[in-house]
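Here is how the chains run, residue by residue.
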Amino acid sequence: MKKLLIIFVMSLCTMMTQNVDAQDWKKEYQFQKKELMKKISKADKKGIDTYKEKSTLRTAEICVLFADWDSKNVKENEKLFKKLKTYKDSANAVAKALPVREKEEVLTMLQQATNSLELALKGEISKQKSVDVDWTDLSLDGSDILYKDQPVFLADYSWKPKSDMTWEYHGKLDGFFMTTAYLTSKNGDFKPKFKEELFNKKESTAGFVFLNHLNPPKFFTDEVPDASIGKRRYFDYDIDHPATKELLSLLLKNTVPHTKDKKYSQLGYMLVNEPHWHTKKGEWDAGDVSKYTIEKFKNYLKEKHQSIAQLNEIWKTDYQNFDQVDLQIPIDPEWEGKPQWYDWCRFNQLRGNDWFDFLDEEIKKYDTNAKTHVKVMPHLFTNNGRTHGIDLEYITQTSDIIGNDAGSTYSDMWRMKDPSWQKHYAFDWRQLCMSYDFMKSVSPDKIMFNTECHFISTIRFRDLYMQPDYARATYWLATTLGMNAVQTWFWPRDKDGSLRKKSKGYAASLTQMPLVLNEITLTYADLNANGSSISELQKLRKPIRIFQSETSAIINEKYMDEVYAAYENVLFEGWAIGFATEGILTHQNQKDWDVLVIKNTPYVTASERDALQKYLDNGGQIIMDKSSIRWNEYKQPITPLSSKNITYLEKDEAVRNKALELVKEQHPFELKETLGEKNTCLWRYHKVENGKVLMSIVNIGNKEKGVHFNDQNVSQVTNVIDGTSSLLSFKIAPLEVKYIEIECVNK
């Protein structure tokens, strides 16, 4: 099917080539551009907002440069398309068709912008007041980024060149890159070029400091060669080696005093890029660990088990002392689910936590106001398996900014992932939605910064013919779920449209998709025009919580599938959905939610079980199955939970109905989906004055859905973005986003 689609698109592009040649594309482009500029001038004189149309004009100008370069470099593009499994057999045809399609998309966006302004000039639609964000004048307040005391949302792109042309409408994120590779001696001396930038970099706009951990300096590797044992991709040293900490301390001591209180560090210090310590034999990037790690592990076992006799009883071993403990890393999958497996996986998380704490503390020695974050790969949380060493809850709780590089996909170039989501959904949203709702449950009062967004492309997912609606749906959805700033991966071209030297990942990436790039820009214009309202959606109370246990996640290889199923079961009912853990139950006010759902969570620690019991003793409500909360981390029986506030249910529909029954607040209207066997419209709303409600609806399904409001409670529905009225019943296409104002009766 995919090959047929590619052949069809290429045939279409061939026909377009003939059409473009016949019309003289440059002449047509200049004509369309002038027409839009005329409409902009008329609208400006009438006081109609033209920010979005001006941004489209700029996007068109940029993408014309891309198309010109691509038309002159077909062979270069062909080589790069051959590297993708999807386009390998048709690389030449795809490369030839690329500039033609780009030019056609430029004409399309110009025509769409012209049509929009024409409707506004006729009074058939209204234009919202746009926010031209000044990136030099931002402040951080709790979970908001503010411009002129109003919440705004920031969007930029990795590797985008610095120029007025790309800054005005496509983000102006600044930053600073530092790494131990720039150190030249144990005295803290730096390479001259880096020293010059560190001491003389001018303050400009908001940005973040990228702390890199690759290529430690030669003086270090010569002196401490064993510090590379236990290294992983993106960091070339052992986090448990004492010399590693000394090296990082040296770097931070001599840099942070110069980066503190700068605009370019306003959005924090990114401590680590995509950390992971995979230690399961045969999995991606798994490796060994150092003697320092093993020694630390033995000390951990000693502290946890107190005596070698206790350890032997649990592990079924006969060690004479803790020094004899011998566990081979990478760990063999045959140990999965056993006590040794649990102890190692949990320790692996804790040593990672120690590393993040160390970096955070070192930076704050020299910048007490610093905000730190970690570029976490959220799929390490939402997917099954826990041999990677990442404890998302701890990282989220202890970071000042919620960092991540969340992504989404709707295809897999490698065809390795389970496509079960395709039965109902337009894209695989599990990582995005689950992780964002989880992190905002852990730390609701922090901003969220996706520093390497993978909605548009990943190593496994790229589609040259991406629908612009997919871009709008993902960025809109992520923002309503808590994302405040994003740096999208990636912008691989220079100012003139030419390819950067690092071309990996370029083929079928963002800068070959003019309509997608334009749609992202327009989406952020709409988000910022409604900044205060979108901020309210981000802060919605989460009355239904899903219990998540890292204990069960470590022991049960399919546990996160169960958590996902419980989450999905209640996601489409109009309520913001959250999570609860031992930490959340212990440290947050349980009045922030009404009911806790526990599904197939058999293994918990004693402290997790006690936190759940205390929640019940304080009046909390739990819906759970009878297989949950049965054993501890070593599969030993534990005292069952006891309370009249526990409802035991097994079937999803019964769980969903009971959870909705226990939500204390009721919806001010009924919203029902029709067409299709499963609800797929993710809708959230907040109340405003005079009985009105502002609502976001995103159809993440793969089929058109009907939406119906109870007409006894709803008197009018208005499209917020263009001011047009809507029927109380309407259809919403796959990936369509609606942002509407609802007038309610007697509510």
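This structure is a prediction, so every number in the text was calculated from the model and none was measured. (Residues numbered from 1 in each chain as written. Predicted model: local features only at pLDDT ≥ 70, side-chain atom pairs only at ≥ 80, totals over all residues. Heavy atoms only, no water.)

## Observations regarding the packing of aromatic side chains
Tallied over the entire structure, the rule returns 48 aromatic pairs. Pairing Tyr237 with Trp355 gives two aromatic rings, centres 6.3 Å apart and planes at 65°, and the pair type is edge-to-face. Residue Tyr237 is found in the loop between α8 (218–223) and α9 (242–259), and its partner Trp355 is found in helix α12 (residues 339–366); the two are separated by 118 residues along the sequence. Across the pair, Trp355 and Tyr237 agree in class, each one buried. Measuring from centroid to centroid gives 6.1 Å for Tyr475 and Tyr524, while their planes differ by 70°, and the two rings are edge-to-face. With Tyr475 in helix α16 (residues 468–480) and Tyr524 in helix α17 (residues 514–529), the pair connects residues that are 49 residues apart, well separated along the chain. By the ring-pair criterion, three or more aromatic residues cluster together here, those being Phe381, Tyr425, Trp429, Phe438, Tyr564, Tyr567, Phe572 and Phe579. The lysine or arginine in question, Lys626, covers the ring of Tyr648, its NZ or CZ lying 5.9 Å from the ring centre. (Phe/Tyr/Trp six-rings, centres within 6.5 Å; stacked < 30°, edge-to-face > 60°. Helix = DSSP H or I, 4+ residues; strand = E, 2+ residues; numbered from the N terminus. Buried < 20%, exposed > 50% of the residue type's maximum accessible area, 1.4 Å probe, protein only. Lys NZ or Arg CZ within 6 Å of the ring centre and 35° of its normal.)

## Quick look at α9
Taking 1.5 Å per residue as the helical rise, α9 with its 18 residues ought to reach 26 Å, and the 25 Å between its terminal C-alpha atoms agrees with that figure. At Lys253, α9 shows its strongest bend, of approximately 30°, with the proline Pro257 following within four residues. Those residues of α9 that sit buried are Ala243, Thr244, Leu247, Leu248, Ser249, Leu250, Leu251, Leu252, Thr255, Val256 and Thr259. Packing partners of the buried residues in α9 comprise β5 (174–179), α7 (192–200), β6 (207–212), α8, β7 (269–273) and α12. Two residues or fewer past α9, Asp261 is found with a positive phi of approximately 60°. (Expected span 1.5 Å × (residues − 1). Bend = angle between axes of the 7 residues up to and from the residue. Contact = heavy atoms within 4.5 Å.)

## What to know about the sheet that holds strand β23 (residues 729–732)
One open sheet holds the three strands; their spatial order is β17-β20-β23, and the pairing between them is antiparallel. In the strand order of this sheet, the two ends are held by β17 (671–674) and β23, each with one partner. Ignoring strand direction, the axes of neighbouring strands in this sheet form an average angle of 25°. Bridge analysis of strand β20 (residues 705–709) against β23 gives four bridges, and the strand direction is antiparallel. Residue Lys705 lies in a different strand from β23, and its bridge partner there is Ile732. (Pairing = 2+ DSSP bridges. Axes fitted to C-alpha atoms, helices over the stretch in contact; angles between N-to-C directions.)

## Let's talk about the packing of helix α10 (residues 291–305) against helix α11 (residues 308–315)
In contact at an axis separation of 8 Å, α10 and α11 are set at 95° when each is read in the N-to-C sense. On the basis of the axis angle, α10 is roughly perpendicular to α11. Of α11, the residues touching α10 (which contributes Phe297, Leu301 and His305) are Gln310, Leu311, Ile314 and Trp315. Here the contact of α10 with α11 is built from residues that sort into five nonpolar, two polar and no charged. (Parallel < 35°, antiparallel > 145°, perpendicular 65-115°, else oblique. Nonpolar A, V, L, I, M, F, W, Y, C, P; charged D, E, K, R; others polar.)

## Comments concerning the packing of helix α3 (residues 51–72) against helix α4 (residues 74–81)
α4 packs onto α3 with a crossing angle of 90° between their chain directions and a minimal axis gap of 5 Å. The angle between α3 and α4 falls in the class roughly perpendicular. Across from Trp69, Asp70, Ser71 and Lys72 in α3, the residues of α4 making contact are Val74, Glu76 and Asn77. Tallied by class, residues from the contact of α3 with α4 come to two nonpolar, two polar and three charged.

## So, the side chain of Gln613
Relative to the assigned elements, Gln613 resides in helix α22 (residues 606–617). Here the side chain of Gln613 touches Ser642 through a polar contact of 2.8 Å, landing on its backbone oxygen. Every residue in contact with Gln613, bar those within four places of it in the chain, is listed here: Pro640, Leu641 and Ser642. (Polar contact = N/O pair within 3.5 Å; in protein donor to acceptor, adjacent residues only side chain to side chain.)

## A few points about the sheet that holds β7
Strands pair in a sheet through their backbones, by hydrogen bonds, and they do so in one of two ways: parallel or antiparallel. Taken in spatial order, the four strands make up an open sheet running β5-β6-β7-β8, and their pairing is parallel. Either end of the sheet is taken by a strand with one partner, and the two such strands are β5 and β8 (372–375). Neighbouring strand axes in the sheet, compared pairwise and without regard to direction, differ in orientation by 25° on average. The pairing of β6 with β7 spans two bridges and is classified as parallel. Paired with Val209 across the strands is Tyr269, a residue of β7.

## Observations concerning unusual backbone geometry
A cis geometry characterises the amide bond from Ile329 onward to Pro330, with omega recorded as 5°. Tracing the sequence through the fold places Pro330 in the loop between α11 and α12. With omega at -5°, the peptide bond leading from Trp489 into Phe490 counts as cis. Tracing the sequence through the fold places Phe490 in the loop between β11 (483–488) and α17. The phi torsion at Asp261 lies on the positive side, around 60°, for a residue other than glycine. By secondary structure assignment, the location of Asp261 is in the loop between α9 and β7.

## Things to note about the environment of Lys260
The residue Lys260 is located in the loop between α9 and β7 in this model. With relative accessibility at 29%, the residue Lys260 sits in the partly exposed group. Residues Lys260 and Ala370, spaced 110 residues apart in sequence, show a C-alpha to C-alpha distance of 7.1 Å. Once residues within four sequence positions are removed from consideration, Lys260 is found in contact with Ser265, Tyr269, Tyr366 and Asp367.

## Let's talk about the confidence of the model for the chain
The share of residues in the chain with pLDDT of 70 or more is 96%, and the mean pLDDT across the chain is 95. Across residues 1–9, where pLDDT falls below 50, the model places nine contacts with residues more than four positions away in sequence or in other chains. Per-residue pLDDT stays below 50 along residues 14–20; that stretch engages in six contacts with residues further than four places along the chain or on separate chains. (pLDDT = per-residue confidence, 0-100.)

## Regarding the nonpolar core
Formed by 172 residues in total, the largest nonpolar core has its most connected members in Trp355, Trp429, Phe669, Met695 and Phe709. Element by element, the count of residues in this core is highest for helix α5 (residues 91–121), at eight residues. When near neighbours in sequence (up to four residues on either side) are disregarded, Phe669 contacts Trp683, Tyr685, Val693, Met695, Phe709, Asn713, Val714, Ile742 and Cys744. Counting 23 residues, the second largest nonpolar core, distinct from the first, contains Val289, Leu301, Leu311 and Ile331. (Core = buried A, V, L, I, M, F, W, Y, C linked by side-chain atoms within 4.5 Å.)

## Quick word on the environment of Ala508
Following the sequence through the fold, Ala508 ends up in the loop between β11 and α17. Placed 414 residues apart in sequence, Ala508 and Val94 show a C-alpha to C-alpha distance of 9.9 Å.

## As for the pattern of salt bridges
Counted under the stated rule, the structure contains 45 salt bridges. Taking the shortest distance from any N to any O, the salt bridge between Lys75 and Glu78 comes out at 3.6 Å. You can see Lys75 and its partner Glu78 sitting in helix α4, three residues apart, about one turn around the helix. Lys75 gets classed as exposed once you look at its relative accessible area, which sits at 59%. On the accessibility criterion, Glu78 (9% relative accessible area) is buried. Among the salt bridges present, the one from Glu665 reaches Lys687, with a minimum N-O distance of 3.3 Å. (Salt bridge = Lys/Arg side-chain N within 4 Å of Asp/Glu carboxyl O.)

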